[in-house]
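Given next are the chains, with one letter for each unit.
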Amino acid sequence: MHIFSRFIDFRNRDKALFVLIVLAAVIVRVVLFGAHPAGLNQDEASVGYDAWALMNYGVDRNGYTLPVHLMAWGSGQNALYAYLSMPFIALFGLNVFSVRAVNLIFSLLTVIAVYSTLKQAVNKKTHLSV
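The following refers to the structure shown.

The rules behind the values
- Residues numbered from 1 in each chain as written.
- Predicted model: local features only at pLDDT ≥ 70, side-chain atom pairs only at ≥ 80, totals over all residues.
- Heavy atoms only, no water.
- Axes fitted to C-alpha atoms, helices over the stretch in contact; angles between N-to-C directions.
- Helix = DSSP H or I, 4+ residues; strand = E, 2+ residues; numbered from the N terminus.
- Parallel < 35°, antiparallel > 145°, perpendicular 65-115°, else oblique.
- Contact = heavy atoms within 4.5 Å.
- Nonpolar A, V, L, I, M, F, W, Y, C, P; charged D, E, K, R; others polar.
- Salt bridge = Lys/Arg side-chain N within 4 Å of Asp/Glu carboxyl O.
- Buried < 20%, exposed > 50% of the residue type's maximum accessible area, 1.4 Å probe, protein only.

### Some thoughts on the packing of helix α2 (residues 42-57) against helix α4 (residues 96-121)
The interhelical angle for the contact between α2 and α4, taken along N-to-C directions, is 105°, at an axis separation of 9 Å. If you check the angle between α2 and α4, you find them roughly perpendicular. Residues Glu44, Val47 and Gly48 of α2 touch α4, and the partners they reach there are Val99, Arg100 and Asn103. Classifying every residue of the contact of α2 with α4 gives two nonpolar, two polar and two charged.

Structural data, given as structure tokens:
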């Protein structure tokens, strides 16, 4: 008898495989989170500082109030990432974890969304065949 048998019906192959896929995704993403890759790249540091500045002063580092597009490195990036990072920066301070937390959450949600989409898009008899 499986350890998790009271939580998961392993006779249902779809559900068991889904749980294993999500569990593998969580393990891969959470182990060494914040340490791999080491440090922040320039885009992460840029969005982290802009999120911190918006949260504390109401403007980004260029002086724009509530920007839609953050200007950085000659082009820029979408400000949604900065806005979604603000709660984590407020809770944990400005550090690698708080800047990358949004990516962690959305990467795990993406695994679930891709699985659900594939399950609906592909024939039920072939979507899990190996």
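Don't stop here, the text continues.
### Quick look at the pattern of salt bridges
A complete count under the given rule lists two salt bridges for this structure. Residue Glu44 pairs with Arg100 through a salt bridge whose shortest N-O separation is 3.0 Å. With a gap of 56 residues between them, Glu44 in helix α2 and Arg100 in helix α4 connect regions that are remote in the sequence. One exposure class covers both Glu44 and Arg100, and it is buried. Between Arg61 and Asp50 there is a salt bridge; the shortest N-O distance is 3.5 Å. Separated by eleven residues along the polypeptide, Arg61 in the loop between α2 and β1 (69-70) and Asp50 in helix α2 bring together distant segments of the chain. Arg61 gets classed as partly exposed once you look at its relative accessible area, which sits at 33%.

Geometric descriptors of this kind do not, in isolation, establish any biological role.
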